[in-house]
Amino acid sequence: MLSVRGVHVTFNPGTALAVEALRGVDLDVPAGQFVTVIGTNGAGKSTLLSMVAGDVRPDRGRVAVDGKDLTLLPARARAGVIGRVFQDPRIGTCASLSVEENLALAASRGRRRNLRNALGGSRRRAFLAEQLERLGLGLQDRITSPVGTLSGGQRQAVSLLMATLLPMKVLILDEHTAALDPGAAAQVLALSAEINKEQALTTLMVTHSMRQALDYGDRTIMMTAGRIALDVAGEERRRYEVGTLMELFKRNTGEPVEDDQLVLS
Amino acid sequence: MSMFALSGAIEAGLIFSLVALGVYMSFRLLNFPDLTVDGSFPLGAAAAAVGIVNGLNPFLATALGVAAGAVAGLVTGVLNVRLGVMNLLAGILTMVALYSINLRIMGSPNTSLYGSETVFTPFESLIGPGLWTNAIVLAVIALAVKLLLDWFLRTELGLALRASGENPVMASAQSIDNDRMVLVGMAISNGMVGLAGALFAQSVGVADVSMGIGTIVTGLAAMIIGEAVFKARKVAWATVGCLAGAILYRFFIAVALSAGVLGIQAQDLNLVTALVVAVAVVASKARFAGAARVRLGMTRLRSTFQPQRGG
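In this report, the structure presented in the accompanying data block is examined.

Conventions adopted
Residues numbered from 1 in each chain as written. Chains lettered and ligands numbered in written order. Predicted model: local features only at pLDDT ≥ 70, side-chain atom pairs only at ≥ 80, totals over all residues. Heavy atoms only, no water. Helix = DSSP H or I, 4+ residues; strand = E, 2+ residues; numbered from the N terminus. Rg over C-alpha atoms; globule rule 2.2 N^0.38 Å. Buried < 20%, exposed > 50% of the residue type's maximum accessible area, 1.4 Å probe, protein only. Contact = heavy atoms within 4.5 Å. Areas by Shrake-Rupley, 256 points an atom, 1.4 Å probe, with all protein chains shown as cover. Lys, Arg positive; Asp, Glu negative; His and termini not counted. Charge placed at Lys NZ, Arg CZ, Asp CG, Glu CD. Salt bridge = Lys/Arg side-chain N within 4 Å of Asp/Glu carboxyl O. Pairing = 2+ DSSP bridges. Axes fitted to C-alpha atoms, helices over the stretch in contact; angles between N-to-C directions. Parallel < 35°, antiparallel > 145°, perpendicular 65-115°, else oblique. Left-handed = near helix turned anticlockwise from the far one by under 90°. Nonpolar A, V, L, I, M, F, W, Y, C, P; charged D, E, K, R; others polar. Buried area = accessible area lost by both parts, 1.4 Å probe. Polar contact = N/O pair within 3.5 Å; in protein donor to acceptor, adjacent residues only side chain to side chain.

Looking only at helices and strands, chain B features 13 helices and 2 strands. For 311 residues, the compact-globule estimate of 2.2 N^0.38 gives 19 Å, and chain B sits close to it at 19 Å. Along the longest, intermediate and shortest principal axes, the C-alpha atoms of chain B span 60 × 45 × 35 Å. Within chain B, the fraction of its 311 residues that count as buried is 53%. Sequence-distant contacts, at least 24 apart, represent 78% of the contacts inside chain B between residues at least 6 apart. Element-wise, carbon and sulfur atoms account for 68% of the exposed surface of chain B, whose accessible area totals about 13300 Å². Side-chain charges of chain B comprise 18 positive and 13 negative groups, with the mean position of each set lying 14 Å from the other.

Written as structure tokens, this is what we have:
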């Protein structure tokens, strides 16, 4: 269970460039729920995710997972409970390291790294190969290739696997398919939904596509000017069309949808 | 070129291969342009020489040089990650401070090891006091350090260090403490440089406060030559490249000096080295201009030394 309480975030506070990115966000996500997050550029969706992940510290408010307060912990100290996949496939993985070395990094997450061989014995290697096989991309045959030689979609699938390799609680997906071609995007999205179900992960996914926001997950929130303007789930959400969302968007912001990307794709 | 000059060149090459390994650790793996090296090299020499002159076992004195180098690296690391001093400046500050510290350690601008027992002495009775005795001992040491470094970089900690240097955002998402990796890497890097300084002093018979000038550029030149010869991404080959690059570099310098190419003399060494590095960096830029951003050996160096274009 992820709990965000009264969170305010201001960038460049006290200067002419001060931006209030989050202005009082409350969000409770029960364990295993898959929430899609939409909103225009600057609405605060990425800030919300960065704040949960620990890259951005709130001025006010708290963030907790399963009752454990994480507000003051840096990103690396939260990595044991929170896994992330970034928008840019190059950020989630290390290009010069092989596929298995990248996975080995993820396999040591959340504990002190020592002087044991990172790739470990045959058992660890077998486990990593087996995990790769789950992706269904044939990557188990390229286990020693540098990740930089994989396609964007394959790298993003590896990122997703790395984020969820060890038992953890919250999965953060920050427009993780925006840089992929449509085919690869669909594959990675399906994989994300599958992992969310299989491991009962609390999932937050930011997307630029209203279609994706409604097609995936159990609940959709819409952010406007640093606040949650719409929060819809269950039966009501199933009746929603992209048009409904756009209508609500207009009513909430008082302006029509200008961002083509929100509607298209 | 005389055999004497040749064995001298190979000895120097083997010693500087340790500097090249240190530079590989900081510049390549950590992505930290560390200039501490010009200070930690004479620091290792001074610590070892003073130890030996005061009756310390030469092996312990060499270990003292390693430890002193590692501490110097830690100081640069702390200045950078704990106190927020820019990495380039942090190295320069430590380097400058070490000049005074080295003078304090030795109590004079240099310390002679003439007639003292060194790490090479026991092997002179073992292998015999020949022209190549020192070179053989140094080759064994350089190879051992290379293998140790290869092993370390395959451990969980070593792999985390490589990830941290290449992609710190990803590293922290995998719970890696980037600051700690800088500290660990800088200590190891300058420990190797301190070892090089300690061995150099024992090889030439003197530790001198100004012997460090140009060490960093020589280390870079050696690493770059190694990368040009072995175009491999694998760590084990990159470290072979550091060894081979340093030996080749000192060999070419010795040839140029003995043949009087372009009238080059010993005092021109740092100028030649700086030119080699400058040409290598410019050549890598020309090669990558307009091409797709492929991650090859020199792209890192390029991004370290050339101004970034805004995107």
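If charged atoms from side chains of opposite charge come close, those side chains can pair. This structure, assessed with the given rule, holds 17 salt bridges over all chains. For glutamate 198 of chain A, the salt bridge identified is with arginine 134 of chain A, shortest N-O distance 3.3 Å. Residue glutamate 198 of chain A is found in helix H7 (residues 182–198), and its partner arginine 134 of chain A is found in helix H5 (residues 122–135); the two are separated by 64 residues along the sequence. Note on arginine 134 of chain A: relative accessible area 35%, which makes it partly exposed. Ionic contacts of the salt-bridge type, sharing partners, join the residues Arg111 and Arg124 of chain A together with Glu156 of chain B into one network.

All names here are of chain A. Read from one edge of the open sheet, 4 strands run E2-E1-E4-E5, paired in antiparallel fashion. What marks the edges here is a single partner per strand, and that holds for strand E2 (19–29) and strand E5 (68–69). Summarising the sheet, strand E1 (residues 2–11) and strand E4 (residues 60–65) pair through 5 bridges and their orientation is antiparallel. Note on E4: the bridge partner recorded for leucine 2 is valine 65. Packed onto the sheet, helix H1 (residues 45–53) meets E1, E2 and E4 and runs at close to 115° relative to E1.

Turning next to the packing of helix H6 (residues 152–164) of chain A against H7 of chain A. Residue and element names in this part refer to chain A. Running from amino to carboxyl end, H6 crosses H7 at an angle of 15°, the nearest separation of the two axes being 9 Å. By the angle between their directions, the pair H6 and H7 is classed as roughly parallel. H7 is crossed by H6, and the crossing has right-handed handedness. For the pair H6 and H7, contact is made by Gly153, Gln156, Ala157, Leu160 and Thr164 and by Ala184, Val188, Leu191, Ser192 and Ile195, respectively. Residues that form the contact of H6 with H7 fall into these classes: 6 nonpolar, 4 polar and no charged.

Turning our eyes to something else, we now look at the interface of chain B and chain A. Contacts between the two partners involve 23 residues from chain B, matched on the other side by 32 residues from chain A. Buried surface at the junction of chain B and chain A, summed over both partners, amounts to about 2400 Å²; 57% is from carbon and sulfur atoms. For the chain B face of the interface with chain A, the top three residues by lost area are Glu156, Leu159 and Gln174 of chain B, together amounting to 28%. Remark: the boundary between chain B and chain A carries 4 salt bridges. Ionic pairing is found between arginine 124 of chain A and glutamate 156 of chain B, a salt bridge with its closest N-O pair at 3.3 Å. For the pair chain B and chain A, the interface holds 14 residue pairs in polar contact (both at pLDDT 80 or more). Elements that contribute at least two residues to the side of chain B that touches chain A include exactly helix H6 (133–154), helix H7 (156–166) and helix H8 (168–173) of chain B. With 7 residues, the single largest contributor to the side of chain B that touches chain A is H7 of chain B. In terms of residue class, the side of chain B that touches chain A is built from 10 nonpolar, 5 polar and 8 charged.

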